[in-house]
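Overview (structure and organization)
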Amino acid sequence: MLVKQKLRFRRHFHIRKRVRGTAELPRMAVFRSNRHLYVQLIDDEAGHTLVSASTLDLRAEGATVTANRQAAVKVGALIAERAREKKITSVVFDRGGFKFHGRVKALAETAREAGLKF
């Protein structure tokens, strides 16, 4: 396993010790790969994903580039819109061990601007 990956797992476990999602206050989990960005709103008590969005949804709409900040901004707006449809206004942010920078930061800021509180 790569050193960077081990460090990310370590950060992720450190975050997950304290972050739990409920039906009223779901956990907004972010996963970033080299090609795509995935976001889920999760109720950890029931073990269910309430809402999800990813750059794969953008790809279905015809987007060609899915691994940049512009795509992250679109996914942030999409997750906020889908959360509003399910009457979810507040979440707990789980960056998944990724540094709060670049695509992860762009997604979070856009979701905040679109109405999600965290």
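Everything quoted here is computed from the prediction, not taken from an experiment. (Residues numbered from 1 in each chain as written. Predicted model: local features only at pLDDT ≥ 70, side-chain atom pairs only at ≥ 80, totals over all residues. Heavy atoms only, no water.)

Among the nonpolar cores identified, the biggest contains 25 residues, and Met 28, Leu 41, Ile 79, Leu 107 and Leu 116 are the most heavily contacted of them. For this core, the secondary structure elements donating two or more residues are β1 (27-32), β2 (37-43), β3 (48-54), α3 (69-85) and α4 (103-113). It is α3 that contributes the most residues to this core, seven residues altogether. The residues contacting Leu 116, other than those within four sequence positions of it, are Met 28, Ala 80, Ala 83, Ile 88, Thr 89, Val 91 and Ala 111. (Core = buried A, V, L, I, M, F, W, Y, C linked by side-chain atoms within 4.5 Å. Buried < 20%, exposed > 50% of the residue type's maximum accessible area, 1.4 Å probe, protein only. Helix = DSSP H or I, 4+ residues; strand = E, 2+ residues; numbered from the N terminus. Contact = heavy atoms within 4.5 Å.)

Moving on: α4. Listed in full, the buried residues belonging to α4 are Arg 103, Val 104, Ala 106, Leu 107, Ala 108, Thr 110 and Ala 111. Against β1, β2, α3 and β4 (92-94) lie the buried residues of α4. Positioned one or two residues after α4, Gly 115 has a phi angle of 120°, which is positive.

Here we come to the sheet that holds β4. As summarised here, the arrangement of the four strands in space is β3-β2-β1-β4, forming an open sheet in which the pairing is mixed. Edge positions in the sheet fall to β3 and β4, since each of these pairs with one other strand and no more. Averaged over all adjacent pairs, the angle separating strand axes in this sheet is 20°, with direction ignored. Relative to β4, β1 runs parallel, the two being bridged by three bridges. Counterpart to Met 28 in the pairing with β4 is Phe 93. The sheet contacts of α4 involve β1, β2 and β4, and relative to β1 the element is tilted by about 145°. (Pairing = 2+ DSSP bridges. Axes fitted to C-alpha atoms, helices over the stretch in contact; angles between N-to-C directions.)

Scope: geometric values only; no functional claims are made or implied.
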